[in-house]
Amino acid sequence: MNLKYSKILLYSVSLFLVFEGLDAFSINNIPVYWIGAASLVFVYLFCYLFGFRTFNINLFSLRNWVIYGIFITLFQSLFNDLVLPKYASTSYIQYISLRILRILLFLVIVYSLNYILKKYDYDEILKFFLISSILISILSLISYFSYIYGYSDFPRTRQGSGGWTQPIQRACNILRNYGTFREPSFLAIWTVPFIPYFFYLGKKNKLWFFLSVFPILSVVLSRSLTGIIAFVSATLLVILLMGFIHKRIDINLIFMLILFLSVIFISSLFSYQFPPDEATCLSQEGECICIPEDRLDELKSSTNVSEATFGRFSEITSRGLDAFENTAFLFDYVSNTGISIFGDGYGYSNISFSYAADEATKRIVDNQIIYRNPGQVVSFNNLYANILMSTGLFGLFWFLYILIEVLRKIIIKNNQLQSYLLISFISTLFVYSYQAEELSTHLAIAIAFGLNLINNEK
């Protein structure tokens, strides 16, 4: 059978990006994301059965690291047993199986792109990926403006990450762009790594500069400090790094940063704060107004996006680690639990962490115990902590070695894509410290692109 595996895999990965972007939706109680993930893995296995093979000696370490993580997970799951928190939406076997599927998906994307890059150049592949990004960004903006102009938002069919609903419209809260995701920060960390590639393609076709406004505005209106700071910091770092290495500055990167910052200042025109209700405001001189709890809450609720962004960043950094409540608790948890050499396995480590988080965040109100996330599986919100607790020190050091090798290969190649790939890669690594905990599609893309950069030199 003469199958064009490169086309099949390119279309499948691009379609999966759309499914991944529809994070807030499910079909018959099955999240759209998992439908897309299972479909992509199935397509890859189908191609493999019909003779598809790909080879890259640089992928051996990554492949073996993934196999190691799966082995530890299966071993712990077979010989240990933990009861899932009360309100978990899956059984124990399903939960662990989904963690393994997520790891396999990461490897499938890397191997798929490794093969695709032998048949197509970066420009062709990126056009497919950025079309997916534009689609999700436009849908997200449609969702955002529905709360301002009064038309119906898309019906969200998947429960939110912190409860049973996705609470977008709440009294006194500032409107944030959830878009097609369960959380504004999820939208931002998914969209940000795409943005540099718009400006890479824009050097050859100015249309991509115009199209970049959609994902940039989508990220800014999400008001995700993690996403915005990740992009700005990564861009500044790469501009300085490239200036040091090549003794020149790419004006296109300066233009990208200026455009991004300009959108932050202009986007205040689209800010909206939901009005107060009797339960959330205090009366002053006959008027019902919203009263912020503290300076940080005041900044969060500011309709001035630049003030809300840079003011919050300044306020948070001035408070030190105490401002990062989840991070502070995570450090305490790791120090109290101890560090394993080989880890507890993916999923199993989350369940253990969830019970500890319940105990640490419980409060007594009116002689009743109130939990922050009662009966739910809690995320580490940090990939490096997740890998440390799941695969141990051995797995974490192995993973960091892989990342360093990929970064080294990107930096030593004088390639037109180099700067833009670095910004995407570094911003992805940054958000892993504060928001994401699982191996993402963007990391898979960056690794595959980085390891194949030698085949696409100027």
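The structure reproduced in this document is the subject of the present report. (Residues numbered from 1 in each chain as written. Predicted model: local features only at pLDDT ≥ 70, side-chain atom pairs only at ≥ 80, totals over all residues. Heavy atoms only, no water.)

1. Some details on the overall build of the protein chain
Part 1 of the argument: Helix and strand counts for the protein chain stand at 18 helices and 6 strands.
Part 2 of the argument: Burial status across the protein chain gives 53% buried among its 458 residues.
Part 3 of the argument: Across the protein chain, every contact between residues at least 6 apart in sequence was considered, and the portion connecting residues at least 24 apart equals 77%.
Part 4 of the argument: Working note: accessible area of the protein chain is about 21300 Å², and carbon and sulfur atoms make up 61% of it. (Helix = DSSP H or I, 4+ residues; strand = E, 2+ residues; numbered from the N terminus. Buried < 20%, exposed > 50% of the residue type's maximum accessible area, 1.4 Å probe, protein only. Contact = heavy atoms within 4.5 Å. Areas by Shrake-Rupley, 256 points an atom, 1.4 Å probe, with all protein chains shown as cover.)

2. Some remarks on the pattern of salt bridges
Part 1 of the argument: The final tally for this structure, using the stated rule, is 8 salt bridges.
Part 2 of the argument: Residue Asp-23 pairs with Arg-182 through a salt bridge whose shortest N-O separation is 3.0 Å. Residue Asp-23 is found in the loop between α1 (5–21) and β1 (26–27), and its partner Arg-182 is found in the loop between α5 (122–149) and α6 (184–191); the two are separated by 159 residues along the sequence. Like Arg-182, Asp-23 is buried.
Part 3 of the argument: In this structure, Arg-156 and Asp-153 form a salt bridge, with 3.2 Å as the shortest nitrogen-oxygen distance. With respect to class, Arg-156 is no different from Asp-153; both count as buried.
Part 4 of the argument: Shared partners join several salt bridges into a network, and the residues in it are Asp-23, Arg-158 and Arg-182. (Salt bridge = Lys/Arg side-chain N within 4 Å of Asp/Glu carboxyl O.)

3. Remarks on a nonpolar patch on the surface
Part 1 of the argument: A grouping of Phe-71, Leu-74, Phe-75, Leu-78 and Phe-79 is seen on the molecular surface, where their side chains present a nonpolar patch of about 590 Å² in accessible area.
Part 2 of the argument: When you line up the elements, Phe-71 lands in helix α3 (residues 60–79). (Patch = residues over 30% accessible without salt bridge, like charges linked within 9 Å, V, L, I, M, F, W, Y side chains within 5 Å.)

4. Quick notes on unusual backbone geometry
Part 1 of the argument: Its identity is not glycine, yet Arg-223 carries a phi of approximately 55°, on the positive side.
Part 2 of the argument: Mapped onto the fold, Arg-223 is located in the loop between α9 (213–222) and α10 (225–246).
Part 3 of the argument: With relative accessibility at 5%, the residue Arg-223 sits in the buried group.
Part 4 of the argument: Its identity is not glycine, yet Asn-381 carries a phi of approximately 55°, on the positive side.
Part 5 of the argument: Along the chain, the position of Asn-381 falls in the loop between β6 (368–370) and α16 (383–411).

5. Overview of the nonpolar core
Part 1 of the argument: Phe-129, Phe-260, Leu-417, Leu-443 and Phe-449 are the most contacted members of the largest nonpolar core, which totals 134 residues.
Part 2 of the argument: At 16 residues, helix α4 (residues 92–116) tops the list of elements feeding residues into this core.
Part 3 of the argument: Sequence-distant contacts of Leu-417, that is, excluding residues within four places in its chain, are made with Tyr-122, Leu-126, Tyr-197, Tyr-200, Phe-449 and Leu-453. (Core = buried A, V, L, I, M, F, W, Y, C linked by side-chain atoms within 4.5 Å.)

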